[in-house]
Structures are given as structure tokens and as C-alpha cells.
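Residues per chain, in single letters:
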Amino acid sequence: MISEKEVKHIAKLARIGLKEKEVKKFQKELSSILDYIEKLKEVDVSKVEPMFHPRATKNVFRKDEAKNKGEKISALLEAMAEVKENYLKVKKII
Amino acid sequence: MELSNLTITKARELILKKEISVFELTKAYLEKIKKEDKKIFAFLTLNEKGALERAREIDEMIFEKREIPVLAGIPCAIKDNILVEGMRCTAGSKILENYFAPYDATVVKKIKEAGAIILGKTNLDEFAMGSSTENSAFFKTKNPLDLERVPGGSSGGSAAAVAADFCLFALGSDTGGSIRQPASFCEIVGLKPTYGTVSRYGLIAFASSLDQIGPLTKTVKDCQIVFEVIKGEDEMDSTSLRFESKNQSFEIKDLKIGVPKEYFVEGMEKEVEEAIKKAIEKYEKMGATILEISLPHTEYALPCYYIIAPSEASANLARYDGLRYGLKKGERSKSENLLEQYFKTRGEKFGPEVRRRIMLGTYALSAGYYEAYYLRAEKVRALIKKDFDEAFKKVDLIFTPTSPTLPFKFGEKIEDPLKMYLSDIFTISVNLAGLPALSFPVGKIGKLPVGLQIIGPAFSEQKIFQTAQVYES
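Cut-offs applied
Residues numbered from 1 in each chain as written. Chains lettered and ligands numbered in written order. Predicted model: local features only at pLDDT ≥ 70, side-chain atom pairs only at ≥ 80, totals over all residues. Helix = DSSP H or I, 4+ residues; strand = E, 2+ residues; numbered from the N terminus. Rg over C-alpha atoms; globule rule 2.2 N^0.38 Å. Buried ≥ 20, exposed ≤ 12 C-beta atoms within 10 Å, placed from the backbone. Contact = placed C-beta atoms within 7 Å. Pairing = 2+ DSSP bridges. Axes fitted to C-alpha atoms, helices over the stretch in contact; angles between N-to-C directions. Parallel < 35°, antiparallel > 145°, perpendicular 65-115°, else oblique. Nonpolar A, V, L, I, M, F, W, Y, C, P; charged D, E, K, R; others polar. Core = buried A, V, L, I, M, F, W, Y, C linked by C-beta atoms within 7 Å. Bend = angle between axes of the 7 residues up to and from the residue. Arc of directions from axis to C-beta.

Undergrad: Would you mind going over the overall build of chain B with me for this structure?
TA: Summing up its helical and strand segments, chain B has 15 helices and 11 strands in all. The globule rule puts the C-alpha radius of gyration for 473 residues at 23 Å, and the 21 Å found for chain B is close to it. Dimensions of chain B, computed from C-alpha atoms along their principal axes, come out at roughly 70 × 60 × 45 Å. Within the span of chain B, comprising 473 residues, buried residues form 59% of the whole. Looking at chain B alone, contacts between residues at least 24 apart form 77% of all its contacts between residues at least 6 apart.

Undergrad: Before we go on, may I ask you to explain the overall build of chain A in this structure?
TA: If you tally the helices and strands in chain A, you get three helices and two strands. Put simply, chain A runs from its N terminus to its C terminus through helices and strands in the order α-α-α-β-β. Seen through its C-alpha atoms, chain A measures out along the principal axes to roughly 55 × 45 × 25 Å.

Undergrad: Would you explain the pairing of strand β6 (residues 212-217) of chain B in this entry?
TA: Regular strands place their side chains on alternate faces of the sheet. Residue and element names in this part refer to chain B. Most of β6 is tucked away, with six of its six residues classed as buried. In this structure, strand β4 (residues 169-174) lies alongside β6, joined through six bridges in antiparallel fashion. Bridge pairing in β6 places L171 opposite P215. Taken together, the two bridges between strand β5 (residues 189-192) and β6 define a ladder with antiparallel strand orientation. Residue pairing across strands places V189 opposite T217, the latter belonging to β6.

Undergrad: Would you explain the environment of C76 of chain B in this entry?
TA: All names here are of chain B. Mapped onto the secondary structure, C76 falls in strand β2 (residues 75-79). Residue classification places C76 among the buried residues on the basis of 28 C-beta atoms within 10 Å. It is 9.4 Å that separates the C-alpha atoms of C76 and K121, two residues lying 45 residues apart in sequence. Excluding its chain neighbours within four sequence positions, the residues that come into contact with C76 are I111, A116, I117, I118, L119, C167, L168, F169 and A170.

Undergrad: How should the packing of helix α9 (residues 301-316) of chain B against helix α11 (residues 352-365) of chain B be read in this particular structure?
TA: Geometry of a packed helix pair, given as the angle between the helix axes and the separation of the axes. Residue and element names in this part refer to chain B. One can describe the packing of α9 onto α11 by two numbers: an axis separation of 7 Å at closest approach and a directional angle of 100°. Of the possible angle classes, the one that applies to α9 and α11 is roughly perpendicular. Listed contacts from α11 to I307, P310, S311, A313 and S314 of α9 are R357, I358, L360, G361, T362, A364 and L365. Residue composition of the contact of α9 with α11, by class: seven nonpolar, four polar and one charged.

Undergrad: Can you walk me through the sheet that holds strand β1 (residues 43-46) of chain B in this structure?
TA: Through backbone hydrogen bonds, the strands of a sheet pair up, either in parallel or in antiparallel fashion. Residue and element names in this part refer to chain B. The strand order across the open sheet formed by 11 strands is β1-β3-β2-β4-β6-β5-β10-β11-β9-β7-β8, and the pairing between neighbours is mixed. Edge positions in the open sheet fall to β1 and β8 (289-293), since each of these has one partner strand only. The mean angle between the axes of side-by-side strands here comes to 30°, regardless of whether they run parallel or antiparallel. Helix-sheet contacts for helix α12 (residues 370-394) involve β7 (256-260), β8 and β9 (397-401), and the interaxial angle to β8 is about 150°.

Undergrad: So what exactly am I meant to see when it comes to the interface of chain A and chain B here?
TA: Quite often, the size of an interface is put as the accessible area lost when its parts meet. Facing 40 residues of chain A, the contacting portion of chain B comprises 55 residues. Going through the elements one at a time, α1 (4-13), α2 (20-37) and α3 (71-78) of chain A are the ones with two or more residues in the side of chain A that touches chain B. Ranked by residues supplied to the side of chain A that touches chain B, first place goes to α2 of chain A with seven residues. When its residues are assigned to classes, the side of chain A that touches chain B shows 28 nonpolar, three polar and nine charged.

Undergrad: Can you walk me through unusual backbone geometry in this structure?
TA: Of all residues except glycine, most have a negative phi; of all peptide bonds, most are trans. Looking along the chain, the bond that leaves G153 of chain B and enters S154 of chain B is cis, with omega of 10°. Examined against the element boundaries, S154 of chain B turns out to sit in the loop between β3 (117-122) and α5 (156-163). Positive phi values are uncommon outside glycine, yet E85 of chain A reaches one of about 45°. By C-beta crowding, E85 of chain A is classed as exposed, having 5 other C-beta atoms within 10 Å.

Undergrad: It is not clear to me how the nonpolar core should be interpreted in this structure. Could you clarify?
TA: Where a protein is soluble and globular, its nonpolar side chains tend to be buried together. Membership of the largest hydrophobic core comes to 157 residues, with the highest contact counts inside it found for C76 and C167 of chain B. Residue contributions to this core peak at eight residues, all from α9 of chain B.

Undergrad: How should helix α2 (residues 22-40) of chain B be read in this particular structure?
TA: An α-helical turn contains 3.6 residues, so a residue and the one three or four places further along point in the same direction. All names here are of chain B. Along its length, α2 reaches its greatest deviation from straightness, about 40°, at K34. Restricting attention to buried positions, one finds in α2 the residues V22, L25, T26, Y29, L30, I33, D37 and I40. Looking at the buried side of α2, the elements it contacts are α1 (8-16), β1, α3 (48-63), β2, β3 and α5. Looking at the residues trailing α2, positive phi occurs at F41, about 60°.

Undergrad: Mind showing me how you'd approach the pairing of strand β11 (residues 448-455) of chain B here?
TA: All names here are of chain B. β11 sits mainly inside the fold: seven of its eight residues count as buried. Of the strand pairs in this sheet, β9 and β11 are connected by four bridges, and their pairing is antiparallel. Bridging across to β11, I398 finds its partner in I455. With eight bridges connecting them, strand β10 (residues 437-445) and β11 associate as antiparallel partners. The partner of A437 across the bridge, within β11, is I455. Between β10 and β11, which pair antiparallel and follow one another directly, the connecting turn spans two residues, one of which, G446, has a positive phi of 65°.

Undergrad: Is there a simple way to think about α1 of chain B in this case?
TA: All names here are of chain B. The complete set of buried residues in α1 reads I8, A11 and I15. Angularly, the buried residues of α1 cover 65° about the axis, an arc narrow enough to put them on a single face. Away from the buried face of α1 by more than 90 degrees, exposed residues E13 and L16 are located. Residues of α1 that are buried make contact with α2, α3, β4 and α7 (220-230). After α1 finishes, the residue K18 shows a positive phi value of roughly 60°.

Written out as C-alpha cells, the structure reads:
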């Protein structure tokens, strides 16, 4: 069982605000999922290389050239909450 | 116009023979949707004006006898986590409620070039996380075969739209079974292609090492037609690759079919098991060799997936800050500072399942747990893949049920996340291993359908299509 404190800590790391009664709910649900996941400890993985991806991963390179200027940029800005001189405006952080 | 017997192949014939115009066909579908989707709730957004305009253009193209592309005039629907330029794209979430796609996903660009008519965007579990479409932030989609039951998920809107004759095909995405399970529940055909054969550019990412876009159709032939259009390497998705089609001809009598013993265990509904066994017998009668095989790590696939998928999701969904994707100033939570704003926006706009998975992934990746959870899961994943590699040394294809149960009722599993997760127990390994798999209907218990899943080695789509088609004919 993970603790209420841990739930609050994870929520903070994930930038998810929780109400007090939700903390208990998530504590219960996350604990039961994590208990189920414990099953993985039965497997001997001592000699196994991890498989992070279905394809053998290699770097794929292309030229660093800007495409879709203008029109696409204005569509991206259009979706933003608040824009000032083509920059996203956010609340002060310092 | 009678739409229930229409397929892509038949509609194309009618269009080419000029027995119907694309405009008439499109209008017939739109009218049916407007009349009947009040009961099904498959669509989140309709593209009436755009569809009719495009239909006129395609009619003109046919009139002028220009070269007529393969999906010319074929009405379709797109899962609402795939971008269609200028249309709203919500991913079933409040956090993207007012987000309008600034560009076309590569698959959308391809089907548009092939002449398809996009009728609208279909409902899904929020960010494709779910197996019943009950996790949509907007409404629940009903199963057209039984309105008291779920259509499956997460591509439940796409599957219901095809099954209800609201379109001739739909696109969905599959991270752990999200095309195949709803296809099975709605008595249609659904393909999860080999990882990398279809570009993910313009698909709202859930778990990038598992996600693949694929078709949902009424027949296997139609499935193949759509797959041929959407596949291909794309410079906008560096994990995409050229499709190395292994198109050797074969006969059913030369086919070796593996049936994994781990898939026929407790927890599966008896009726489903019987229907699947009957279908397998049919292949045996056609001369195929049926072999019992073992995929020893099957029982670890689900716990493995519920580390890997949420871990990748927690990173992919970090971008939804409430600032960049369509939430206007007034709709955001009022807060003192940026951090508080993140907490409030993400706490209020993400639904419970999405928050649960983001937190689970954050936990698995956090300091002190990475090795015990994430790294261990990626090692178990390698063993699951190895099981398949070993099996495919002995057999050509693997047959399993798509889902352990028949379509279930609303509310039956939604309160217990683990119970819901078990819906995907037969489909998840395929995503972990990056393999292709198809679900197609092989029987019915009352009015509820049973789907058979055919799993093949990487790039064996042609063989899977041919094998499934034999059953249909």
C-alpha cells in the first residue's frame, strides 16, 4: 500500500491537483494496481536486455531546415491562450 | 438508398458505373447519421459542409474521367485523436475541447489524396485510455448491436460508426487492443498493423512505442484496401519504415496455425471459447495444421503493459499545460502563479482514468522505482517478444480470441480499473512485441458477436488478410 504522502508527492510531480477526498481514492486504486504489477517480480530477468522499443532503435537524421513557415505558425499561435508578439504569455514565475 | 450491404468494393463499382454519384452517397450517409446517431452517439464532430464539397469535387473528377484513386468518394470516419486540418480534435478530453488541428495527420493526408470523404470525428476513451469508450469526457457510445452494451474501446466511436452503417470505413488507433477489441464487440474487421508500417505523425500520442493507426471495416478485403493506402515510410515519423511486404502465395492446406494454451484459461466466457474453437476447426477442415503452442510469459503481459504504457503516457501528456492547445484565457483556472495553474488545469480537465495512468507512470519512473518497475517491465517485454519469435519458428500464424468476454453492459467494469484492464488480456502482447494482428467476426451468441484474432510475424499482413478472407468466403 502506498501512503497518502506518496500519492500527494506523485501528484505534485505529475502537476495534477488533487482534492482531499481524491487522495484516498487514488491511494486505494494505485495500490491495487501496483499490487497486481508486483507479479513481474516472479520473472527472472537477470540475464535479459531490456526492450524499450519494437524496432531496433537507431538515430534517423534529416537536414535541420524549417518548413511550413507562416500559415502553420499562425495556426499554432491561434491555439494558445494568450499571445504577446508571437510568444506564449504565461504567469510570472520568479 | 440501402447502405447496410454496401462495402468499399461495392460502392466503388456503383460509383465507377455511375449508378450513384458521390454526392448522393455522401448525403445518404450524412442523413442516416443525423437521424440515427442520436441513439448511438458515435460522432463527436460532423463535417457536413466539408464532406459535401469534397463529394462534388470527386464527382467532377469522375465526370472528367481523370484517373480515379482507390478510395474516390468513399465516406469514412476518423477517431478523434487523429488530426484533420481545420477540424476540432478533442482526444475525448476536456483539456482539448476547443483544440482545432493545424495540420493533417499523414494517414489523413493519404486517405484524402486517395479520394476518401471524411464525414466526421468519432468518440473514444479520453486519450485512448480505456476498453469501453465510457471514459470519454463527452458521452458514452452505444453498441449498435445492443444499445445496453458498450462498443468496446478505445476506438468505440469508430467501430460503432462502421457497424451502424454511418460510413464505409473508419480509422482508429491501437495501443493495447483499441482497434481489435471494439471491432470484435461490433462485429466488424479491425487491423493493428506491424509497428512502424503506418506513420503516427498527427496521432495524439498515448504510448509511443505501442501506438499504431489502423483501419476498421466491414470486410477483410476493405481492410486490406485501406491498409494499402495508409501504410508507408514518412519522414515526419522517424519510427516509420518502408513496408517489407512478404507476399509469398500459399494455400490454406500448407498453413501451420498455432493455438497458445495460455490463452484458453479460466476467466474466458465458455461461449466465446466454443465459438473460437469452432472457427479453428473450420480451418482444420480446410486442411490447415493446428498446433498447440506455448507463449510462457503471457500472464506477465498485462502487468508489463501497465508499467510501460502509463510511463510513456506520463511523458507524452506532460505537454497539456492548459496554455497551448485551445483553452482560452477565460476557460483556464484562475491562479496566482504558473505552478498553481498547472495543478488546477490538469486536475480539473483530465478525467479520472487519465489522471490515474499519469500518476502510475510518474511513480514507475520516479527516483528509486525506475529499476524495480520500468526497467524490469522492459526486460519482461523482451521475454514476451522472444516467446513470439520462438513460436513463429514452428507456426505461420497464431489464432486466439480477441476478447475473453462478449460485449459487456455499461457500468459493469468502469468502477474497478483492474477489471477493465483484463478486457485487453489477449490483445496487449501484440503491441508489446510490435506485431500485426487482425480481429474479424466468426460467430454470434444471440445478438452478440465473437471475434477471432490472427497474430502474425512482423510484416505478415498479406498472409493474415488472405487467411481471414478464406473464412469470409
